[in-house]
Amino acid sequence: MRIADIDLGDKPLFLAPMEDVTDPSFRYVCKRFGADMVYTEFISSDGLIRDAAKSVAKLRTYDYERPVGIQLYGNEIEPMVEAARVAEAARPDLIDINFGCPVRKIAARGAGSGMMRDVPKMVEMTRRIVEAVRLPVTVKTRLGWDEDSKNIVEIAERLQDAGIAALTIHGRTRAQLYRGEADWTLIGEVKRNPRMHIPIIGNGDIDSAEKAAAAFERYDIDGIMIGRATYGRPWIFKEIRHFLKTGEQLKQPSVHERVELAKLHFAKSLEFKGDKVGVLEMRRHFSCYFKGLPDFKPTRLKLVTLNDPAEIVATLDYVAERWGDFDTSEIVPQPLSHDV
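Residues numbered from 1 in each chain as written. Predicted model: local features only at pLDDT ≥ 70, side-chain atom pairs only at ≥ 80, totals over all residues. Heavy atoms only, no water.

(A) Inspection of the packing of aromatic side chains at higher detail. Tallied over the entire structure, the rule returns nine aromatic pairs. Measuring from centroid to centroid gives 5.8 Å for Y62 and Y64, while their planes differ by 10 degrees, and the two rings are stacked. Looking at Y62, the relative accessible area reads 23%, which means it is partly exposed. When its relative accessible area of 34% is taken as the criterion, Y64 is described as partly exposed. Where Y318 meets W323, the ring centres are 5.9 Å apart and the plane angle is 80 degrees; that geometry is what we call edge-to-face. For Y318, a relative accessible area of 38% puts it in the partly exposed group. Ring-pair connections join several aromatic residues into one group, and the members of that group are Y28, Y62, Y64 and F272. Lying across the ring of Y178, R142 places its NZ or CZ 5.0 Å from the centre. It is K268 that lies over the ring of Y28; its NZ or CZ is 4.4 Å from the centre. (Phe/Tyr/Trp six-rings, centres within 6.5 Å; stacked < 30°, edge-to-face > 60°. Buried < 20%, exposed > 50% of the residue type's maximum accessible area, 1.4 Å probe, protein only. Lys NZ or Arg CZ within 6 Å of the ring centre and 35° of its normal.)

Okay, structure coming up:
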């Protein structure tokens, strides 16, 4: 699969952009486990052109991440075009437009999946961004606004005509948020549409190697994007790649392996964010890495309340010592449950 000149190999696996999750430290560990392409957290066009510190900080990417995309969202064309130019100057490999986020505060003002209620504006915004930058432009979107407006087949054709280099489709409507099961039928219909010639990437409910293999087989998609299932389980990319190559399940990481991963992730969080923010933003990950261990509550409480990095590392070493022989073969972190 190729996006413009970016060669992603056979059946590539993408890390979905997720607010408050896909920061540089999380992208780092996902890349180590075989994510073929990663994205920044989604960035507000308004925040970017106002030079808001939080938005500008999200532009930071690193060469080892490549290929890496910067994802933008907004509800007005001119600010989105300007933001795309700012993002291009940060030297990602592509610019991705978020037409899929269903969160109320974003969609209600016409950004994210809210743009699906105004398809002409969506297409015009895309065309203007494609014309404004030299990098490939891609789009992530959903099946439609609600059950009565699943118009992704038409939208896909129009976005392709506007010049995008690839399209990612989440198999739910905006009205569904993350409820119910993702419907991949229309994703397959877009891919099999003889008018379509750009890569189609499927997204939604891929939380196991078997589901990934079945999606490639049934829907002829070019790639798969994985979002919530990576949370606390960045090794899912390695699981899927192993299954696609061998047809065999990869063993879940041992407690010792999870501890070493948590320490690496933590070290990168401190490196990228500094001690104070790095500690705070790792707390959500510590719980997920070790969910399922018996009698773990007091230790979990320490991991999410300690502020001294040295004490946190010592606590992680204690986890390896105390639970090192525990059988983790059945401990598979569950996908992130809240809306991101």
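(B) Structural detail: the confidence of the model for the protein chain. With 97% of its residues at a pLDDT of 70 or more, the protein chain has an overall mean of 92. Averaged over each element, pLDDT in the protein chain is lowest for helix α3 (residues 53–57) (86) and highest for strand β3 (residues 13–15) (98). (pLDDT = per-residue confidence, 0-100. Helix = DSSP H or I, 4+ residues; strand = E, 2+ residues; numbered from the N terminus.)

(C) Structural detail: the pairing of strand β8 (residues 137–142). Burial analysis of β8 places six of its six residues in the buried class, the great majority of the element. The alternating pattern of β8 places V137, V139 and T141 and T138, K140 and R142 on opposite faces, both of which are buried. Across five bridges, strand β7 (residues 94–99) lies against β8 in parallel orientation. When the sheet's bridge partners are listed, I97 is paired in β8 with V139. Pairing geometry for β8 and strand β9 (residues 166–170), over five bridges, is parallel. Bridging across to β9, T141 finds its partner in I169. (Pairing = 2+ DSSP bridges.)

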